Amino acid sequence: MRLGGKLWATRVLLAVASLCGLVMAGFVTSSPALALAAPAAQRPVFNVMDYGAAGNGTTNDTPAINQAITAANAAGGGIVEFPAGSYLAGGSIHMLSNVTLDLEAGSTILGAATGYDPPEPNPYDQYQDFGHSHFHDAMIWGEDLSNIGFIGSGTIDGNGHLVSGTPQTGQADKIISLAVCHGLTVSGITLKNGGHFAMLIDDCDHVTSNHLTISTANYRDGWNVIDTRDVKITNINVSSNDDALVFKSDWALGQTFSSGNVVVDHAILSSKCCNALMFGSETCGNFTNYHFSNITVTDAGKSGLGMVSEDGANISDVYYDNITMSGTQSPIMEKIGTRLRCGGTPTVGSIRDIHYTNITGTDAGAYSPTLWGQPGHPVSGITFTNVHLTLPGGHAAMDPNTVPTDNGDYNPNSLEIGRASCRERV
């Protein structure tokens, strides 16, 4: 439920459905213990030029790149090096275990219009959209891998060729696509023009990222972190059209995973149409122990800090500290939904023990922070400490004693759409 009217607030404006439990109290975040993979020792270097890469931006360099990756893997691990140049990926690059791609200054891997691997069959397609369900239709993909990385100061650019919807034969919809990986490092590089996803990872653990830049504001999602545990992301900058940095749990791999033990520190996030920092909407498995600190949100067409449990997930122990927001439609959105789009027999999930500390929002949106539970499933244990938001208001007030039914939407403006039906039940 939202409070409306001509409200100008320098302190937090809260709209809490009668099914939500809310506590305003002090809270001090603690640093979680992360068991992150240590940096790899120096390993042999395999220069893609030595395997026939031209680096001229027009020759298809994928065969040479894949040969270098295969050689590094066969040697027990190594660095595949890209000197300055433009490397056309005219087909899918296949990652292998114990291999790190090192993009040196001035190097760019460019996407092509066609030539990519077809999407693999997936019997669980019906539980999430096409982009989440398939991993092979990407510029770079890998499955069941250990100790892989993408480092350096170069760029991987979809080059205007990756698609934002369902790909046709030979097309790709992702830059980097990884399923089932242990030990992943993504640092220093830039991902541009990512299609549906600049990067999607599913069922990974021990993920480390530092100084990653994602620039995909004319396409869709930045980084989808799905079914993933033990993550440390620092100094990330994401500009997207759809969700920028998002944590999910879907049914693409045919089972439920628990996700958590995650730190995100120092981030600049922008989403033109959607959510800047988000949980969901795919939420089959549980999420716990997330720490977000020193985050700047500069744009969000939906929520700056969004959180939904649509498919039965229990989301708990999430800490936001030192967050600055502007240009959001809604600064904070929490919703427990009843979609339940997962295999098995999911039941309605929960959101509890979520803590907002030192949150500032200027011109933080047309919609007040919203906490939305369901009958018998309250949002609970929420604390706000030193939260200062300025919102223009301008919406008519809703009845504080009426909880809207789940309309299947988790956009902050969905309560505006459902206002008439709420009044009819009064």
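Residues numbered from 1 in each chain as written. Predicted model: local features only at pLDDT ≥ 70, side-chain atom pairs only at ≥ 80, totals over all residues. Heavy atoms only, no water.

1. As for the packing of aromatic side chains
Here the distance between the centres and the angle between the planes together describe a pair of aromatic rings. Quick note on the threshold: The pairing test for Phe, Tyr and Trp rings, Trp by its six-membered ring, is centres within 6.5 Å, and the orientation test on the planes gives stacked under 30 degrees, edge-to-face over 60, and tilted for anything in between. Here a helix means four or more residues in a row that DSSP labels H or I, a strand means two or more in a row labelled E, and each is numbered from the N terminus. Accessibility here uses a 1.4 Å probe with only protein chains present; expressed as a share of the type maximum, an area under 20% marks a residue as buried, one over 50% as exposed, and anything in between as partly exposed. Only when the NZ of Lys or the CZ of Arg is both within 6 Å of the ring centre and within 35 degrees of the ring normal is a charge said to sit over the ring.
Counted under the stated rule, the structure contains 13 aromatic pairs. Between Phe247 and Phe279, the aromatic rings sit 5.9 Å apart at their centres with planes inclined by 35°, giving tilted as the arrangement. Taken together, the residues Phe247 in strand β17 (residues 245–249) and Phe279 in strand β19 (residues 277–283) connect sequence positions 32 residues apart. Each of the two residues, Phe247 as well as Phe279, counts as buried. Three or more aromatic residues joined by ring pairs form one cluster here, namely Phe247, Phe279, Phe287, Tyr290, Phe292, Tyr320, Tyr356 and Phe384. One cation-aromatic arrangement involves Lys335 over Trp372; the distance from NZ or CZ to the ring centre is 4.6 Å.

2. Observations concerning the side chain of Asp202
Note the threshold: By the counting rule applied here, Lys and Arg register as positive and Asp and Glu as negative, while His and the ends of each chain are not counted. The salt bridge criterion pairs a side-chain nitrogen of Lys or Arg with a carboxyl oxygen of Asp or Glu, the two atoms within 4 Å. Between two residues, a contact is recorded if the distance between any of their heavy atoms is within 4.5 Å.
Structurally, Asp202 is set in strand β13 (residues 197–210). Although Asp202 is buried, it forms no salt bridge, and the closest oppositely charged side chain is Arg229 at an N-O distance of 7.1 Å. Discounting chain neighbours no more than four positions away, the residues touching Asp202 are Phe135, Leu178, Ala179, Val180, Ile226, Asp227, Asp250, Ala252 and Leu253.

3. Things to note about the pairing of strand β20 (residues 287–309)
Which entries qualify depends on this criterion: Pairing between strands is defined by DSSP: at least two bridges between them are needed.
Pairing between strand β18 (residues 259–271) and β20: eleven bridges, direction parallel. What sits directly across from Ser270, in β20, is Asp299. In this structure, β19 lies alongside β20, joined through three bridges in parallel fashion. From the neighbouring strand, Phe279 faces β20, where its bridge partner is Met307. Here β20 pairs with strand β21 (residues 314–326) via nine bridges, running parallel. Paired with Phe292 across the two strands is Tyr320, which belongs to β21. Pairing geometry for β20 and strand β22 (residues 328–336), over seven bridges, is parallel. The residue bridging Ser303 from the neighbouring strand is Ser330, located in β22.

4. Concerning helix α1 (residues 62–74)
The condition is simple: One less than the residue count of a helix, multiplied by 1.5 Å, gives the span that helix is expected to have.
An ideal rise of 1.5 Å per residue puts 18 Å on 13 residues; α1 measures up with 18 Å between its terminal C-alpha atoms. Looking at the buried residues of α1, the elements they touch are β2 (45–47), β3 (56–60), β4 (78–82), β5 (85–89), β6 (93–94) and β7 (99–103). Backbone geometry just downstream of α1 places Gly76 in the positive-phi region, at approximately 90°.

5. Points about the state of the cysteines
Condition: By definition, disulfides here are pairs of cysteine sulfur atoms that lie within 2.5 Å.
Taken as a whole and assessed by the stated rule, the structure comprises two disulfides. The side chain of Cys181 participates in a disulfide bridge whose partner is Cys204; the two sulfur atoms lie 2.0 Å from each other. Around the S-S axis, the bridge from Cys181 to Cys204 shows a dihedral of about 110° and counts as right-handed. Pair noted here: Cys181 is in strand β11 (residues 174–187) and Cys204 is in strand β13, with a separation of 23 residues, a long-range link. For Cys181, a relative accessible area of 3% translates into the label buried. According to the relative accessible area criterion, Cys204 is buried, its value standing at 0%. Residue pairing for Cys284: its cysteine sulfur links by disulfide to Cys342, the two sulfurs lying 1.8 Å apart.

The values reported here are purely geometric and, on their own, carry no functional implication.
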